[in-house]
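Topology and contacts: notes
Take a look at the letters that make up each chain.
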Amino acid sequence: MNNNKYLPIHKLIMSVAHATKIVDQAVFNHHQQVAYSSLRLAKKQGYQEGAIHNLLMAALLHDIGMLTIASKIELLKFEYRHTRHADIGATLLEKYPFFPEAAPIIRFHHLAWQDGQGRFYNENSVPVASHLLHLADRISLMVDDNSNILDQKNDIINYLEERTPNVFKPSDLESLKEMEDDYWFSLINPVVMRIELEDEFAKYDGFINKKQSMDLAKFYSKIIDYRSKFTSTHSLGVAKTARYLANKLDWSKAELDDIELAGYLHDLGKLAIPSEILNKKGSLSESEYNLIKSHTYHTYHILNPIKVKRLDKIKRWAAYHHEYLDGSGYPFGIGSDQLDTGSRIMMVADKFTALTEDRPYREGLSQEKVTDILSDLAKLDKIDQNIVDLLLEDYQSFDQVRAEIQFNRQNEYIELVN
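Quick caveat, the model's predicted, so the values are computed rather than measured.

Time to look at the overall build of the protein. The helix and strand tally for the protein stands at 22 helices and 2 strands. In the protein, which comprises 418 residues, the proportion classed as buried is 57%. When contacts within the protein are restricted to residue pairs at least 6 apart in sequence, long-range pairs at least 24 apart make up 73% of them. When the accessible surface of the protein is totalled, it reaches about 17600 Å², and 48% of it is carbon and sulfur.

Okay, the pattern of salt bridges next. Inspection of the entire model under this criterion finds 26 salt bridges. With a shortest N-O distance of 2.9 Å, Asp87 and Arg107 are connected by a salt bridge. Taken together, the residues Asp87 in helix 6 (residues 84-94) and Arg107 in helix 7 (residues 102-107) connect sequence positions 20 residues apart. On the basis of relative accessibility, which here comes to 18%, the residue Arg107 falls in the buried class. Measuring nitrogen to oxygen at the nearest pair gives 3.1 Å for the salt bridge that ties Arg107 to Glu94. Here Arg107 is found in helix 7, whereas its partner Glu94 is found in helix 6, with 13 residues between them in sequence. Where salt bridges share partners, they join Lys210, Lys240, Arg243, Lys253, Asp257 and Glu260 into one cluster.

The volume enclosed by the largest pocket comes to roughly 730 Å³. In terms of lining residues, the largest pocket is bounded by 27 residues, among which Ile292, His322, Ala354, Arg359 and Tyr361 are the most central. Among the elements of the structure, helix 16 (275-278), helix 17 (286-303), helix 19 (341-356) and helix 20 (367-379) are those that each provide at least two residues to the lining of the largest pocket. Along the lines of polarity and charge, the residues of the lining of the largest pocket split into 13 nonpolar, 7 polar and 7 charged. Considering only enclosed or pocket space, the second largest pocket measures out at about 230 Å³ in volume. Taken together, 13 residues line the second largest pocket, and the ones lying closest to its centre are Pro8, His10, Lys11, Phe201 and Ala202. Among the elements that take part in the lining of the second largest pocket, helix 1 (residues 9-17) stands out by supplying 3 residues, more than any other.

Cut-off values and rules
Residues numbered from 1 in each chain as written. Predicted model: local features only at pLDDT ≥ 70, side-chain atom pairs only at ≥ 80, totals over all residues. Heavy atoms only, no water. Helix = DSSP H or I, 4+ residues; strand = E, 2+ residues; numbered from the N terminus. Buried < 20%, exposed > 50% of the residue type's maximum accessible area, 1.4 Å probe, protein only. Contact = heavy atoms within 4.5 Å. Areas by Shrake-Rupley, 256 points an atom, 1.4 Å probe, with all protein chains shown as cover. Salt bridge = Lys/Arg side-chain N within 4 Å of Asp/Glu carboxyl O. 1 Å grid on protein atoms, 1.4 Å probe; cavity = no way out; pocket = protein on both sides within 12 Å on 5 of 7 lines; lining within 4 Å. Points joined across faces, edges and corners; volume = space filled by probe spheres on them. Nonpolar A, V, L, I, M, F, W, Y, C, P; charged D, E, K, R; others polar.

As structure tokens, this is what we get:
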């Protein structure tokens, strides 16, 4: 494959957005509704294609700064004021070059149209799209997905009109009032919204190059890991440990890049796990543990719809990290005959990284304990003995690589959330 066409960015973003549907239908519908309203309103106002694209990226990612899966009621608390989660989301996004215009749109998407004294904000510093996104966000939060939408239409418009121009931009509200019934019907039809959004994305090439793909994977690893201070560096540690192991096996540069990317994505499915479970200090109940076990299943199926040949192996490496060679792992219960070297590397990298990190219920383990656990798993034919030996023979180097790179990200996490 052409190195300039490494991963299809729109398909990945849409697929990841679906992960939140598993744990909270309202939040998933919220993101899709905001993107759909943004699309329809922007077209009504004659936005150019590039501006629409930037707005849609911002709409699909506008609440990433929450770092947790919130309920729709919790989202309602962020009414008409600049909020911390908007700053966090923009700060996360602006570090990466694939959405240069989306970050500022997100940063100001809860900013009122006026400043409380009748003065308008300077559009040179506040993107006009932020105000449209603000309106689209509020529309979604007012919609009852289970009631007749046309019965709600006038109440929604009246509510917004009472807050215009203080909160919402008048021209944005006028565009909403001009919408035909098909817009309102589509707003509670997830299938139609997804099809229309995907049709819009189909206008763009949609592929990003290898460097951008790695950056996107790092970006998502932060969204995943930052949901708990105890996992704030986990995916980074797994990615670098896996790459170091593969390097010892003399893999090519391209293969090293692929397995590092798989490491960043291996816990994508944790987006479908409630944050209170990830942060629980005591023992998990059987039901809670069953939820945790589902995360690798979700990782697989988040990546599965993206039909790019390169992603087939990355998907396996990412999703099989809790399988065992004897077939007793989860979620697929596959055995050694289906677990290739990349999958085996990821299994060891994940366990090594998890064992050395602090968790809500324990501190990171010593070298002696980590060695005993990995060796016992290898003797029981759970994980690959040869790969375990590679790591243990040079334990200090692996631990140093992991610790140094995780230390830097830990500092970044602390700076971001404080």
